[in-house]
Amino acid sequence: MNSRRVFLKGSALAIFGVGALPSWLSRSVYGADAADKRRKKILVAIFQRGAVDGLNVVVPFGEQRYYDLRPSIAIPKPDGTPNSAVDLDGFFGLHPAMAPLKPMFDAQHLAIVHAVGSPDPTRSHFDAQDYMESGTPGFKGTIDGWMNRALLKSTGPVSPVRAVSLGSGLPRILRGRNDAVAMNSLNDFQVRDAKSAATFESMYDTSLDTVMHGTGKETFSAVKIMQSIQKQTYTPANSAKYPNGRFGQSLQQIARLIKADVGLEVAFADIGGWDTHVNEVGAQPALGQLANNLTDFGQSLAAFYQDLGDRMEDVTVATMSEFGRTAKENGNRGTDHGHANVMFVMGGDVHGGKVYGDWPGLGADQLYEGRDLNLTTDFRDVLGELVSKHLGNTNLSGVFPGYNDPKFRGLIG
């Protein structure tokens, strides 16, 4: 596979693959003409690694069976107290730690899809994550990711930072023929020794090897873009306050890239810690392991939305997790690996304020294999709609090979 990917391992810059020199930087980052300044549509994907308990995140409080299955870890019905679910529509409610997202839901910029996930029955974290990132559930031979394939083919120059992942390595979801960059943070994206960097760049300037010349120049094009952003002081807008954890800071970095107008088209971040087999809930339902993670998750998403302001008109955020968890709590006040789950979709062109999907019910004869929330929406229905209607890539058979009958839910205007 001829791909050109630039990413960081620690603080060292590494170059992978070969390719031609892009002409995107033939003009300065901030000196583009008005046509080039037109805002691109941007898709941000967030992976909750570890299999989040969707039934305790978006609570079906309108079904008594939920409380029968979870006598010690269920989230109480909405009653206006900080320990109870936040009512969404009279049947579903948000975990109280997710209350910062309620204003977005009310403003119809946040949609929720329940009973959604991968049709593959695996309960292996590794396989399920791999399938969701490759976009080909049940097939292990896919070597690239759906998000890389979703990038539109360009007839002209493209930004070397059109696809960015926040992290130390490039995830499968962004691997492929299109360029993608991974970094821990914008400030780390540099060649530390300026003198060596100048020598290294000069070597590529004078090299007769045109293939390596292109790779080297593209690397330094990306570095120069990041350095131009680093020189600008960044303060989140609208009094937005990101949590100090890795996930919140990753979303802040993405917001910074979006506002810098450097040609970003897709971005990826992840957050772990969702494998709640033991003590998922603390002494009170709004406390404990799950609540702590959801506090970080909800506050980070809310800060991102607030920080971007009207730029959210061009941005759509989708969250996903490899599978859900058992409908019934286990003997350790936790939940085990399950099946269907919940996804959030946030953005300016999202038809929000609604919980989408066909609710399968939690009755004994309604559960998948008698133990898990049943699947009624394929995750590719959700992502395919975003790729097609938000990014404008209608070649869904190329983005999700083998998935030939998408069923959109009407999430995007």
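Right above here is the structure, for reference.
Model, not experiment: these values are computed from the prediction.

Colleague: Could you give an account of the nonpolar core, naming the residues involved and the relevant values?
Modeller: Of all hydrophobic cores here, the largest spans 56 residues; its most connected members are Ile254, Phe304 and Phe344. Top contributing element to this core by residue count: helix α9 (residues 289-308), with eight residues. With sequence-adjacent residues up to four places away left out, Phe344 is seen in contact with Val57, Val58, Leu94, Met98, Leu101, Leu110, Ala111, Ile112, Val317, Ala318 and Thr319. Core analysis: the next-biggest nonpolar cluster, separate from the first, contains 37 residues, Met132, Leu174, Val350 and Tyr356 among them.

Colleague: Let's hear about the pattern of salt bridges: which residues, and what values?
Modeller: As a working rule, side chains carrying opposite charge can pair if their charged atoms are close by. Going through the model one piece at a time under the given rule, you end up with 20 salt bridges. Of the charged contacts in the structure, one is a salt bridge between Arg49 and Asp270, with a shortest N-O distance of 2.8 Å. Placement of Arg49 in the loop between β3 (42-48) and α1 (54-57) and of Asp270 in strand β10 (residues 266-271) is noted, with a sequence separation of 221 residues between them. Of the charged contacts, one joins Asp372 and Arg371 as a salt bridge, the two residues approaching to 3.1 Å between their closest N and O atoms. Here Asp372 falls in the buried class, since its relative accessible area comes to 0%. Judged by relative accessible area, Arg371 falls into the partly exposed class, the value being 31%.

Colleague: So what's going on with the sheet that holds strand β6 (residues 93-94)? Which residues, and what values?
Modeller: The three strands lie next to each other as β4-β6-β5, forming an open sheet whose pairing is antiparallel. The two strands at the open ends of the sheet, each matched to only one other strand, are β4 (58-59) and β5 (86-87). Direction of pairing for β5 relative to β6: antiparallel, over a ladder of two bridges. Counterpart to Asp87 in the pairing with β6 is Gly93.

Colleague: Break down the side chain of Ser118 for me, with residues and values.
Modeller: Tracing the backbone shows Ser118 in the loop between β7 (110-117) and α4 (125-134). The buried category is assigned to Ser118, whose relative accessible area is 10%. For Ser118, the side chain forms a polar contact with the main-chain nitrogen of Asp120, separated by 3.2 Å. Not counting residues up to four positions away in its chain, the partners in contact with Ser118 are Met132, Pro137, His339, Leu375 and Phe379.

Parameters and conventions
Residues numbered from 1 in each chain as written. Predicted model: local features only at pLDDT ≥ 70, side-chain atom pairs only at ≥ 80, totals over all residues. Heavy atoms only, no water. Core = buried A, V, L, I, M, F, W, Y, C linked by side-chain atoms within 4.5 Å. Buried < 20%, exposed > 50% of the residue type's maximum accessible area, 1.4 Å probe, protein only. Helix = DSSP H or I, 4+ residues; strand = E, 2+ residues; numbered from the N terminus. Contact = heavy atoms within 4.5 Å. Salt bridge = Lys/Arg side-chain N within 4 Å of Asp/Glu carboxyl O. Pairing = 2+ DSSP bridges. Polar contact = N/O pair within 3.5 Å; in protein donor to acceptor, adjacent residues only side chain to side chain.

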